[in-house]
Each structure stands twice: as structure tokens, then as C-alpha cells.
Amino acid sequence: AIVVERLEAAGYSVERVEPDAEAALADPCAGYPALPYTGRTSVVGRLPGSGGGRSLHLSGHIDVVPVERPEEWTYGPWSGDVAGGRLWGRGAGDMKSGLAAYLTAAAVVADVCEGLRGDLIVSSVIEEECGGNGMWSVLRAGHTADATLIGEPTGLALIHAGTGVVWARLSARGDAGHAAFAGRDGPFDRLARAVAALRRLEAAANQPVTDPVFAAAAEWPYGVTIGRIEGGVWTASSPAELVARVRVGFGRDTEPVDVQRRIREAVEEASPEVEVAFEAFRARAYCHDATGPLPELVRSAHRAVVGAEPTTSVFTATTDARFVEGPCLCYGPLAGNLHGRDEWVDLGSLEQTAAVIALVAAGWAG
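What you see is a predicted model, and the numbers here were worked out from it, not measured in a lab.

Caption draft 1: Layout of the overall build of the protein. When you go through the protein residue by residue, the secondary structure sums to nine helices and 19 strands. Looking at the protein as a whole, 49% of its 366 residues qualify as buried. By sequence separation, contacts in the protein at least 24 residues apart represent 80% of the contacts at least 6 residues apart. Here the protein has roughly 16700 Å² of accessible surface; of this, 53% comes from carbon and sulfur atoms. Across the protein, the centroid of the 31 positively charged side chains sits 3 Å from that of the 47 negatively charged ones.

Structure below.
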């Protein structure tokens, strides 16, 4: 509602886009729907140009990850406190701040720049953190452009590539009962063997890293993370079920379906009692061009605002940029502790982001 209000006040026509769950399931690179979509939409605003110019899509995601142990945060995770030149809280960096900067830039360009020839599109999307069906549905609805910028917290760097990501759910069942009768092998042991098999897949993908784009970014770019462990009710009882939720990274030489097959095969060989299911991400690795008219325009605007040359890098995770065809970059403010305790965004860099994006939008569509 806030985004709709801001866009309409700036003169943009607004549409809400609701993902099609069945279509997403049928697309091997879309996300698995996590929740029903009735009433859950992304928002898209469009400022039509006069014609004959280049269109630009400015995008950001509004969803955030959950908070763990909020009592350990210096500032409340939902407080939005400002201190030390930073705004603190969950989503401050990843990535409500970038979206706020893009909305500001979009409003300024609409107000100041008369006679734009190209369309400006602004989208606020859902589910970037759990599958990407927000951006997927926006593009599928026809809201594409000649170039795209996404306001991820890049530290004012140009990020042009990201690894692939698949999420898996490993379930190990057992005979619930007293520990005296549990035996020497239970659900945890079965899960441990399954996770060890995934660690071997991880090592094989990273030793060596053959893709020069990601090899230059990190020594170990394709990570496996055990993000959640669930199950059990009593220390002296054998659990009926233990569940591990796993995130697996991979490179451009592999499709998500191939990674899923390898996960199934590795777990089946190491621990056949463990059930494997998949959720959220089926994300391809991607790499957009770091040269050309869009990157050069962003660099020029960055130099004008910041007074220095920006860096160019890649991300060893994924973003909504993977769905975009054509020139696309992530560019946004300096932020820290993303997904962790005491997340923050630097407010000075947030102002710089808004100014850079306004200059880019005016120059690209003008």
C-alpha cells in the first residue's frame, strides 16, 4: 500500500501482479510456492515515455528473512532505530533501503525530467528470499525493459553475476520411544550420513572452480549450508523424525534439475532411509555483461556522485537478476550483518544510491 501510494503520487500508473502457482511449479527455474498467493502481490509502476527511447526497470524486494534471538540485538530488529549514521533492523540492508532509494529516484526523475522518451518501470516484489516468484511473475506479466537495475545492498559496487541455488529438505524417520531401546543408529545418524554426502558434492564442485567468473570471487563459491534443524521432544527419547533444510550452491555449468538429481543420488547412496524433497529455490547461476552502455552509465553516475571509480564484483548467492534477459546490474547502498544480528544500512550511502539511480534513469530514458 505504501509503494502504491508513493508511485501514484509521482505520476506512475500502478498494477498489482499476483504469481500463478501452477505456472511457477511447471517452470524448472521458478520457485516452489511457499504460501497461497491470494492477495499477495508484487507492485509495478510505469511512467510512459514519449516514444523512441530506452526503457529502464528499477526493482527491489520487500520481503525479509526471519529474526533469530531478537533479545540479542543491540537495537530492536523491528525498531528502525537510527544511530551512528546507520538505520538498524531486519531488512534495513536486505533490502528495503535499496527499494526506498529507487522509489525516491523514480519520483525525482518523474518530477524533474520532462520529455523522457523511454518508459520507467518500478517494481516492488515479494519472495526474493524464498524462490523468486515475485520478480518471475512481474517479468512474465510483460513488465520487461531494455535494461534493469536491482537495489541489492552492494556497497555501491556493480554486481553482475550470482551463483545457482537449490533448497532441499532431508527427513529421517525413526521409531519414537525410550532411549534404552533406541539402538545404535537413529534419525540423527541417518541425517549425518546424508549431510556428509552433500559435503562431498560441495567439495567436488569447489575443487577446482572451473568458472573464472566465480573463481575470481571466492575460493569456495558454491557453498552448502544447513540452515535449519527440526525435530525431537525429549533428550531421553528417540525422535520420530528429524528434518534438515539445506541450501546448495552451484555454477553456470549446471541446471537446477541436475543439482536436484545429484542430491537425490548422493543421499540415496549414503543414507537410503532419508527422504529428499525440494522447496523454494530452483535458481540458475547467471552472469550479465559488466561492460556496455548500462554499466558505463552507472559508473559515470557513480563517479559524479561519489567522486571515485566503483568496483565491479559478483555474488556467491542469488538475486532476482537471474530472471532478467538483457543488461542488468545490482547496485545499492552499503549495509552489514545481512540475515544476521544487528542488520544495518549506512544512510549516507543510501542517499548516494538514490542520486546515482536518478542520474542513470534520466540518462538512460531521457
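Now that the structure has been shown, the text picks up again.
Caption draft 2: Looking closely at empty space enclosed by the protein. A complete count under the given rule lists one cavity of 30 Å³ or more for this structure. In this structure, the largest cavity occupies an estimated 40 Å³ of space. In terms of lining, the largest cavity is formed by Arg6, Leu7, Ala10, Tyr12, Leu103, Ala106 and Ala107. Going through the elements one at a time, α1 (2-9) and α3 (92-112) are the ones with two or more residues in the lining of the largest cavity. By residue number, the principal contributor to the lining of the largest cavity is α3, which donates three residues. The class makeup of the residues in the lining of the largest cavity is six nonpolar, no polar and one charged.

Caption draft 3: Spotlight on the pairing of strand β8 (residues 158-162). With five of five residues buried, β8 is to be regarded as a mostly interior element. Across three bridges, the pairing between β8 and strand β16 (residues 312-315) is parallel. Paired with Gly162 across the two strands is Phe315, which belongs to β16. When β8 meets strand β15 (residues 286-287), the two strands line up antiparallel, connected through two bridges. Its bridge partner lying in β15, Ala161 is registered against Cys287.

Caption draft 4: Region of interest: the packing of helix α5 (residues 187-206) against helix α7 (residues 256-270). Relative orientation of the contacting elements α5 and α7 amounts to 130 degrees, with a least axis distance of 8 Å. As the angle between them shows, α5 and α7 are arranged oblique. Between α5 and α7 the crossing geometry is right-handed. In this structure, α5 contributes Arg193, Ala194, Ala197, Leu198, Arg200 and Leu201 to the contact, and α7 contributes Arg262, Ile263, Ala266, Val267 and Ala270. Grouping the constituent residues of the contact of α5 with α7 by class yields eight nonpolar, no polar and three charged.

Caption draft 5: View of the sheet that holds strand β4 (residues 82-83). Pairing is antiparallel across the open sheet formed by four strands, whose spatial order is β4-β5-β19-β18. Since the sheet does not close on itself, it has two edges, and those belong to β4 and β18 (335-336), each with one partner. Of the strand pairs in this sheet, strand β5 (residues 86-88) and strand β19 (residues 344-346) are connected by three bridges, and their pairing is antiparallel. Bridge pairing links Trp88 to Trp344 in β19. Sheet contacts for α3: β5, β18 and β19; angle to β19, the most-contacted strand, approximately 45 degrees. Those strands touched by helix α9 (residues 347-365) are β4, β5 and β19, and its axis lies near 60 degrees from that of β19.

Caption draft 6: Summary view of the side chain of Thr163. Tracing the backbone shows Thr163 in the loop between β8 and β9 (164-173). Residues contacting Thr163, with those up to four places away along its chain left out, are Phe214, Pro221, Tyr222, Arg247, Phe250, Arg284, Ala285, Phe315, Thr316, Ala317 and Thr318.

Caption draft 7: Representation of the pattern of salt bridges in the model. What the rule picks out here adds up to 19 salt bridges. Across the salt bridge formed by Arg190 and Asp185, the nearest N and O atoms sit 3.3 Å from each other. Among the residues examined, Arg190 registers a relative accessible area of 17% and is labelled buried. As a salt-bridge pair, Asp211 and Arg252 come within 2.7 Å of each other at their nearest N and O atoms. Separated by 41 residues along the polypeptide, Asp211 in the loop between α5 and α6 (212-215) and Arg252 in the loop between β13 (241-250) and α7 bring together distant segments of the chain. Note on Arg252: relative accessible area 40%, which makes it partly exposed.

Caption draft 8: Expanded view of unusual backbone geometry. Residue Asp94 is joined to Met95 through a cis peptide bond whose omega torsion reads -10 degrees. Position of Met95 relative to the elements: it lies in helix α3. At the junction of Gln207 and Pro208, the peptide bond is cis and its omega measures out at -5 degrees in the coordinates. Positionally, Pro208 belongs in the loop between α5 and α6. Positive phi is not limited to glycine here, since Arg69 has a value of about 50 degrees. The phi dihedral of Leu156 falls on the positive side, at around 65 degrees, and the residue is not glycine. Along the chain, the position of Leu156 falls in the loop between β7 (147-150) and β8.

Caption draft 9: How the structure looks around the sheet that holds β9. Read across the sheet, four strands follow the order β11-β13-β9-β14 without closing on themselves; strand pairing throughout is antiparallel. At either margin of the open sheet sits one strand with a lone partner, and together these are β11 (224-231) and β14 (275-283). Neighbouring strand axes in the sheet, compared pairwise and without regard to direction, differ in orientation by 15 degrees on average. Here seven bridges tie β11 to β13, and the two strands are oriented antiparallel to one another.

Cut-offs applied
Residues numbered from 1 in each chain as written. Predicted model: local features only at pLDDT ≥ 70, side-chain atom pairs only at ≥ 80, totals over all residues. Heavy atoms only, no water. Helix = DSSP H or I, 4+ residues; strand = E, 2+ residues; numbered from the N terminus. Buried < 20%, exposed > 50% of the residue type's maximum accessible area, 1.4 Å probe, protein only. Contact = heavy atoms within 4.5 Å. Areas by Shrake-Rupley, 256 points an atom, 1.4 Å probe, with all protein chains shown as cover. Lys, Arg positive; Asp, Glu negative; His and termini not counted. Charge placed at Lys NZ, Arg CZ, Asp CG, Glu CD. 1 Å grid on protein atoms, 1.4 Å probe; cavity = no way out; pocket = protein on both sides within 12 Å on 5 of 7 lines; lining within 4 Å. Points joined across faces, edges and corners; volume = space filled by probe spheres on them. Nonpolar A, V, L, I, M, F, W, Y, C, P; charged D, E, K, R; others polar. Pairing = 2+ DSSP bridges. Axes fitted to C-alpha atoms, helices over the stretch in contact; angles between N-to-C directions. Parallel < 35°, antiparallel > 145°, perpendicular 65-115°, else oblique. Left-handed = near helix turned anticlockwise from the far one by under 90°. Salt bridge = Lys/Arg side-chain N within 4 Å of Asp/Glu carboxyl O.

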